[in-house]
Amino acid sequence: MQIVAALIEALRLRGVQRVYGVPGDYVLGLFAALQASPIDLICTAGEEGAGFAADAHGRLQGLGVAVVTYGVGALKLLNPVAGAYAERSPLLVISGAPGLQESEEHPLLHHRIRADQTQLHLFREVTVASAVLDSGRSAAQEVVRVLEGMRRESRPGYLELPADWLNREIPWPIDLTPPAPAPLAIPEGLRREGERWLAWMRGRQRPLVLGGVELARFRLQPLLRQILEREGWELVTSLSGKTLLSESHPQVLGIYEGAMGQPQLRERVESCDGLLVLGQPLNDLDTGVFTMALDPAHVLQVDLEGGLRTAEERNENLDPLTLLRIWAEAGAPEPAPLPMAARDPAPAAAFAPAPDQPVGVERLMAAIEAVLPANSTVLADPGDALFGAADLRLGEDSHFLASSFWASLGFALPAAVGAWGACPEHPPVVLLGDGSLLMCANELATLARYAIPALVIVLDNGGYGTERPILDGPFNDLQPVAHRELALAMGFSAAERVKNEEELWSCLGRWRSDGMTGPTLISVAIPAGEMSAALRRLSTALAQKLASSLPQQG
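Let me sum up the structure you'll find in this document. A quick note: this is a predicted structure, and the numbers were derived from the prediction, not measured. (Residues numbered from 1 in each chain as written. Predicted model: local features only at pLDDT ≥ 70, side-chain atom pairs only at ≥ 80, totals over all residues. Heavy atoms only, no water.)

Thoughts on the sheet that holds strand S6 (residues 157-162)
Consideration 1: Overall, parallel pairing links the six strands, which are arranged S2-S1-S3-S4-S6-S5 in an open sheet. In the strand order of this sheet, the two ends are held by strand S2 (40-43) and strand S5 (129-132), each with one partner. Each strand axis lies, on average, 20° off the axis of its neighbour in the sheet, ignoring direction.
Consideration 2: Pairing of strand S1 (residues 18-21) with strand S3 (residues 64-68), which is carried by two bridges, proceeds in the parallel orientation. The residue bridging Tyr20 from the neighbouring strand is Ala66, located in S3.
Consideration 3: Here helix H7 (residues 139-153) sits on the sheet in contact with strand S4 (91-97), S5 and S6, set at roughly 165° to S5. (Pairing = 2+ DSSP bridges. Helix = DSSP H or I, 4+ residues; strand = E, 2+ residues; numbered from the N terminus. Axes fitted to C-alpha atoms, helices over the stretch in contact; angles between N-to-C directions. Contact = heavy atoms within 4.5 Å.)

The structure is reproduced here in structure tokens:
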């Protein structure tokens, strides 16, 4: 078997059906091999878009792949790959590279910087495993090693394939099948420790679980749901953990994000006497810029990096997977909690548009929620598109994706390509600001090229609206862009500009009734100073925090 065939077969055996990329001379041979394989090749408009698409695909299916050329192509992926590392998304970069023979004969080759391993060194900083496939003797083992490292850590990997090494023969039989996961062997002492913390949670009067993104990345939702239903505990999620479990489940209360969240939910969380923070590192955006008011004596935090921690104890071996496994195998509590009554999914709230009324962020989200399909994938870019979308109540079969910790503008639009590639039965709904669109508008062409039935909604407030309350100036302004004409020029099947609620409602109705056969864009004029309830709550809390820290007058 040749190296290129082994690489493609290893991907296929791991369920990869689509990859994303941009052609270039050092990777054309691999593109031709992919084109002849059972794996679909989706060509994006730019390499950064391929990275975000592969990131979204990996979040939904467990492995996303971006294929690019050396140097000018691969280095554009550093931002998406760093974001995937930060948010534990298994994104594999496969970069073509100059041929080994021509590199020896002509060291000054285009796209190369400094030494021939400079690119490899850069990607080592943002991946969990990396390799150059420059030996038939080791190539297959290196592919498996990188893919297994990605699986164990749910983080990116990097493979570099010299252009003249694709067809190099592997000299002996190889097994590219994914190794069966080893059974989790839990020492008796560790099991007793885990059971002690189960007893601690059971001893609380008002226990609550805050579930986060790590549970989704490692597919721990079934274990989580089993334990919640057995114990009768309720669940809140972080912003990055939105849709961890169905938002219609009777034990799912919503999103807790400090001062950004709903006041009544914040009161419920911050008054509980036992909060299990599970699989959610407490970063600034998931905590509402550290506005969570939690009593450390009542918090049990468990995540992959630090294990289990309280105000006084620490056990790095009790990570979320180990703890959930111990708790799932424990006996039911006595007496067993009363089962919670199942509740039907909340019907979409009626939306009555007001004629000639400008569209605020809250009203925009209310209109979107009223028409969202129950199986949609909502993708939101950082800023008020994300903060406003936090309050959307999504259907049983929905997904929610965002760059909610890395917070890279320009994520949501290209990620919709990968979300559709991973789950084509889930129509993507993209929410982004006018500033975000300028960073990724070229990927409108990709949505049109593949007739992806995405709804793209642009919140156009004439600049970087989330930054204005922090420090405003002309640097937050943007050149006005005719979004409707831009989308139509890119090949969109429909595009509209709306200035009031009635126009918005009519456009959303046409989108639902037209069968969603291709991409649609709606550019929504948002009045200056309008913001989501979440951003308003956060701004108020931060202003109060700042005021309390200033020296008192008098």
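Brief notes about the environment of Pro527
Consideration 1: For Pro527, the location among the structural elements is in the loop between strand S19 (520-525) and helix H20 (533-549).
Consideration 2: Accessibility expressed as a relative area gives 29% for Pro527, which makes it partly exposed.
Consideration 3: In contact with Pro527, other than residues within four places in its own chain, are Pro358 and Val359. (Buried < 20%, exposed > 50% of the residue type's maximum accessible area, 1.4 Å probe, protein only.)

Comments concerning the environment of Thr118
Consideration 1: Tracing the backbone shows Thr118 in helix H6 (residues 118-124).
Consideration 2: Taking C-alpha positions, Thr118 is 16 Å from Leu133, a pair spaced 15 residues apart along the chain.

Overview of the packing of aromatic side chains
Consideration 1: Taken as a whole and judged by the stated rule, the model has six aromatic pairs.
Consideration 2: When the ring of Phe52 is compared with that of Phe411, the centres are 5.5 Å apart and the planes differ by 80°; the resulting orientation is edge-to-face. Here Phe52, found in helix H3 (residues 47-61), pairs with Phe411, found in the loop between strand S15 (399-402) and helix H15 (412-422); they are 359 residues apart in sequence, far enough to count as distant. Like Phe52, the residue Phe411 is buried in the burial classification.
Consideration 3: Ring geometry for Trp233 against Trp327: centres 5.7 Å apart, planes inclined by 75°, an arrangement best described as edge-to-face. Taken as a pair, Trp233 in the loop between helix H10 (221-231) and strand S8 (234-237) and Trp327 in helix H12 (residues 320-329) lie far apart in primary sequence, 94 residues in all. Trp327 carries the same exposure label as Trp233, and that label is buried.
Consideration 4: One Lys or Arg, Arg155, reaches over the ring of Tyr85 and ends 4.1 Å from the middle of that ring.
Consideration 5: We note Lys242 situated over the ring of Phe400; from NZ or CZ to the ring centre the distance is 5.6 Å. (Phe/Tyr/Trp six-rings, centres within 6.5 Å; stacked < 30°, edge-to-face > 60°. Lys NZ or Arg CZ within 6 Å of the ring centre and 35° of its normal.)

Topic: the side chain of Thr44
Consideration 1: As for its position among the elements, Thr44 is in the loop between S2 and H3.
Consideration 2: Engagement of the side chain of Thr44 in a polar contact is seen with the backbone oxygen of Gly46, the distance being 2.9 Å.
Consideration 3: With near-sequence residues (within four places) excluded, Thr44 lies in contact with Gly21, Val22, Gly49, Ala50, Glu443 and Thr446. (Polar contact = N/O pair within 3.5 Å; in protein donor to acceptor, adjacent residues only side chain to side chain.)

That's the geometry; what it means functionally is another story.
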